[in-house]
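Each chain, written out:
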Amino acid sequence: MADYAKPDVLVSTDWVAQNTNNPNVRIVEVDVDTKGYDEGHVPGAVGWNWQTQLCDQLRRDVIGKQQLEQLMGSSGIDNGTTVVLYGDNNNWFAAWAYWQLKMYGHKDVRLMNGGRKKWIAEGRELSQDAPSRAAKQYSAKEPDPSLRAFLPQVQDAAKQVQAGKAAMVDVRSPDEFSGKILSPPGLPETCQRGGHIPGAANIPWGQACNEDGTFKSADELKKLYEGKGISANKDVIAYCRIGERSSHTWFVLKELLGFPNVRNYDGSWTEWGNLVGAPVER
Amino acid sequence: MKPEDHSVRKVALGAAVVTLSSYRLGSVWHCIADNTDPGARLARAQGTTRDQAESSALAEAEALLSGKRVAPVTGCSGG
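Just so we're clear, the structure is a prediction, and the values are computed from it rather than from any experiment.

Topic: unusual backbone geometry
Moving on, step 1. Omega for the bond connecting Asp-37 of chain B with Pro-38 of chain B falls within 30 degrees of zero, at 15°, which places this linkage in the cis form.
Moving on, step 2. Residues other than glycine seldom take positive phi values, yet Asn-90 of chain A does so here, at roughly 60°.
Moving on, step 3. You can see Asn-90 of chain A is positioned in helix H5 (residues 88-103).
Moving on, step 4. Of note, Thr-36 of chain B is a non-glycine position whose phi angle comes to about 65°, a positive value.
Moving on, step 5. By the element assignment, Thr-36 of chain B lies in the loop between strand S3 (28-34) and strand S4 (41-47).

A look at the sheet that holds strand S2 (residues 16-25) of chain B
Residues and elements named next belong to chain B.
Moving on, step 1. Taken in spatial order, the 4 strands line up as S1-S2-S3-S4 in an open sheet, and their pairing is antiparallel. In this open sheet, the two strands that pair with only one neighbour each are strand S1 (3-13) and S4. Strand-to-strand twist of the sheet, defined as the mean angle between neighbouring strand axes without regard to direction, takes the value 15°.
Moving on, step 2. Taken together, the 7 bridges between S2 and S3 define a ladder with antiparallel strand orientation. Residue pairing in the sheet places Tyr-23 in a bridge with His-30 of S3.
Moving on, step 3. Lying over the sheet, helix H1 (residues 50-65) contacts S1, S2, S3 and S4, oriented at roughly 150° with respect to S4.

With respect to the interface of chain B and chain A
Moving on, step 1. Of the residues lining the interface, 27 residues belong to chain B; the matching set on chain A comes to 28 residues.
Moving on, step 2. Elements with a minimum of two residues in the side of chain B that touches chain A: S1, S2, S3, S4 and H1 of chain B.
Moving on, step 3. Taken together, the residues of the side of chain B that touches chain A sort by class into 13 nonpolar, 9 polar and 5 charged.

Re the domain arrangement of chain A
Residues and elements named next belong to chain A.
Moving on, step 1. Assigned domains within chain A: domain 1 (7-143) and domain 2 (146-272).
Moving on, step 2. Placing a centre on the C-alpha atoms of domain 1 and another on those of domain 2 gives a separation of 23 Å.
Moving on, step 3. Listed as interface residues are 18 residues of domain 1 and, on the opposing side, 16 residues of domain 2.
Moving on, step 4. Ranked by residue count, the leading element in the side of domain 1 that touches domain 2 is H5, at 10 residues.
Moving on, step 5. Counted by class, the side of domain 1 that touches domain 2 contains 10 nonpolar, 5 polar and 3 charged residues.

What counts and what doesn't
- Residues numbered from 1 in each chain as written.
- Chains lettered and ligands numbered in written order.
- Predicted model: local features only at pLDDT ≥ 70, side-chain atom pairs only at ≥ 80, totals over all residues.
- Helix = DSSP H or I, 4+ residues; strand = E, 2+ residues; numbered from the N terminus.
- Pairing = 2+ DSSP bridges.
- Axes fitted to C-alpha atoms, helices over the stretch in contact; angles between N-to-C directions.
- Contact = placed C-beta atoms within 7 Å.
- Nonpolar A, V, L, I, M, F, W, Y, C, P; charged D, E, K, R; others polar.
- Domains from an automatic or database assignment.

And the structure:
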């Protein structure tokens, strides 16, 4: 992990196994499959449900500052706690939680490299016990606007892409990017038009990972993204369908490769693909 | 408990490719069927054998993909 721009943002499964009882560390599982945690989790880990605890339940948005403070405090996390996130499917939704915690200014957040998949493949202990740890006081910062792209910024960036000053990376599958399908198999079609934002490069999010769920090396990642025009000297916006896959790519570009200006557009295709009159490329 | 006999394999279901991940926890086999790309869960099943868990998960995934069943409220709208 030494070649990454911020190697400390990743911990190994070995490290986690040695720190399950560390009072300064809180391990949190966030899965796309919200039933995974109950089946068995890293001993001592708390489980967050992305659909009910990491989304605003009324409007389409991430959770608010007070909700985050409540979630962190009730999970036994204070401002000095090292939070280690992990989850299924290459840490897909764990990366989304990571992005939210960084937006609200938590200092020490890390991902368990390889996630739940690697933990299970290595035959490590799974617990079905609910963890017990006293609630703590947590105080979040105001959300950092430099990590998130809203529609007006994306519309501006779309113009800059043509001039080579900005880059946009669409991390969905090639079939979604081309407009052949509106959503992945088995998932609801939530947009009116298929295709992509003009000028976006298609680099599916999973290409950043090895077969065992760990992240590829810094050199491999650099080659992958720079090979498609996504480089550190540009303002980069990552998007997908609803913003979770792209938070994984945001993590790679911002934290592992150290690109200075990377935003996650969580409105993503379900916003752009429903806009009246928005330019679409296929 | 420690998971044992972890296995991952891909199965074609019509035009879709489904990934089956299975392992044993104690005496219970667990299987998760996902849509491979991006890997959202389609079905989850348990059984007393790997075959039983995989068959159940695959049948549920097939029903979902063929439109005979709607996407579950949880765990299947990521992306």
